[in-house]
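The lines below spell out each chain.
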Amino acid sequence: MALLIDPARWPAHGTVFSHLISDSSLQELHSFARAQGISERAFDRDHYDVPAHLCPQLIDAGAQPVSGSELTRRLHASGLRVPLKERPEKIRKGLLVRWGTLAPGAEQLGEDILDRWQEPHRAYHNSAHLLEMLGHATYLAGNDKLPRAALLAIWLHDVIYEGKPGADEEASATYARHQLARHQVAGEGEIEAVACLIEATAAHQPPQAQEVLQRAGISQEHWKIFFDADLAILAAKTARYRRYTTGVRQEYSRVSDDDFRQGRAQVLQELLERPSIFTTRLGRSTWEARARENIAAELKELTYSGRPCELSGESKAPERRQDLK
């Protein structure tokens, strides 16, 4: 575990800046930065930008000076490096193009939707998750074109996210009903199907209103694709899975480490006890084994070291529910 700083070479605001990182823990990085009086505004997803005049102070306080290439290598190796495709501000333009294709003439609504997905308190449930879910759903659908209602549900399933299980899904479904109608994006039946899918993500159980879905062209296979695409992060490669668990922990920063470990472990154990995590045949063959490996490894860490708990706070344990996925 080390704090690293590279030479001050990046010009901005009349000076040059260094990058300050931790090669193991964002908690360590944030604690160090606070102790040195560095503003949270200087944090950029996986590092702090610090002006040259602060570098001697930070080195004296324990930051290890390294070359820029060494810092980059260590950050990548840690799994904490956030690539461009996971940075909401970098993927916004492409997502707006996709929204324009899905909902022509509703550009204003698309902007509002992405503004919500890019809210600063979202560390995992942001537009990077949206983009990944769209990609996973397309992969699972193969040559079958997903119904428009299913795609709209993907766009809106976490449009409201405050880390309040159940209430978030209800609020997102309400937003979908009101805004899709207001902007004339879809008809009443299609809108109700969108809301039905969103509400079903609260427990990831089969939707109740099957007839509503069927009238909107959504088959059982389609809603299974919707669920599996949402859970595909569980089968991510090691570095991405680490960023995901770190992001979820940040979103529950109000919860104490012990309570978070207890709640998260319960969710993971319940996933492992399922006959299968994924409901589609392709999802099971592609992701099941890897997801179980990731979950088992995280559960071991939670049980024996508490490593994934990146932030601490004081509150009750998080509710049992898939949003700690």
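Residues numbered from 1 in each chain as written. Predicted model: local features only at pLDDT ≥ 70, side-chain atom pairs only at ≥ 80, totals over all residues. Heavy atoms only, no water.

Caption draft 1: Expanded view of helix 7 (residues 148-156). Here helix 7 lies mainly inside the structure; seven of its nine residues are buried. Among the residues making up helix 7, those that are buried are Ala 149, Ala 150, Leu 152, Ala 153, Ile 154, Trp 155 and Leu 156. Looking at the buried positions of helix 7, the neighbouring elements they touch are helix 4 (88-102), helix 5 (107-117), helix 6 (127-141), helix 8 (167-182), helix 9 (188-200) and helix 11 (220-231). (Buried < 20%, exposed > 50% of the residue type's maximum accessible area, 1.4 Å probe, protein only. Helix = DSSP H or I, 4+ residues; strand = E, 2+ residues; numbered from the N terminus. Contact = heavy atoms within 4.5 Å.)

Caption draft 2: Molecular detail of the pairing of strand 3 (residues 15-22). Counting buried residues in strand 3 gives six out of eight residues, a clear majority hidden from the surface. Looking at chain direction, strand 2 (residues 10-12) and strand 3 are connected through three bridges and run antiparallel. Pairing of Trp 10 across the sheet is with Phe 17, part of strand 3. Hairpin connection from strand 2 to strand 3: two residues lie between these consecutive antiparallel strands, with His 13 at a positive phi of about 55°. Relative to strand 4 (residues 48-51), strand 3 runs antiparallel, the two sharing four bridges. Counted as the bridge partner of Leu 20 is Tyr 48 from strand 4. (Pairing = 2+ DSSP bridges.)

Caption draft 3: Structural view of the packing of aromatic side chains. Within this structure, the stated rule accounts for nine aromatic pairs. Look at Trp 223 and Phe 227: their rings are 5.7 Å apart centre to centre, the planes differ by 65°, and that puts the pair in the edge-to-face class. Placement of the pair is Trp 223 and Phe 227 together in helix 11, with a separation of four residues, close to one helical turn. Here Trp 223 and Phe 227 have matching classes, each one buried. Between Tyr 241 and Tyr 244, the ring centres sit 5.2 Å apart and the planes meet at 70°, which makes this aromatic pair edge-to-face. With Tyr 241 and Tyr 244 both in helix 12 (residues 238-251) and three residues apart, the pair spans about one turn of that helix. On the accessibility criterion, Tyr 241 (6% relative accessible area) is buried. In textbook terms, an aromatic cluster arises when at least three aromatic residues are bridged by ring pairs, as seen for Tyr 124, Tyr 241 and Tyr 244. Above the ring of Trp 117, the side-chain terminus of Arg 122 is found at 5.3 Å from the ring centroid. Over the ring of Phe 260 we find Arg 249, and its NZ or CZ is 4.5 Å from the ring centre. (Phe/Tyr/Trp six-rings, centres within 6.5 Å; stacked < 30°, edge-to-face > 60°. Lys NZ or Arg CZ within 6 Å of the ring centre and 35° of its normal.)

Caption draft 4: Highlighting the pattern of salt bridges. Under the definition given, this model contains 22 salt bridges. Among the salt bridges present, the one from Arg 45 reaches Glu 89, with a minimum N-O distance of 3.0 Å. Of this pair, Arg 45 sits in the loop between helix 1 (26-35) and strand 4 while Glu 89 sits in helix 4, and the two are 44 residues apart along the sequence. Residue classification places Glu 89 among the partly exposed positions, given a relative accessible area of 39%. Note that Glu 190 is salt-bridged to Arg 148, the shortest N-O span being 3.3 Å. Placement of the pair is Glu 190 in helix 9 and Arg 148 in helix 7, with a sequence separation of 42 residues. Connected via shared salt-bridge partners are Asp 23, Glu 70, Arg 73 and Arg 74. (Salt bridge = Lys/Arg side-chain N within 4 Å of Asp/Glu carboxyl O.)

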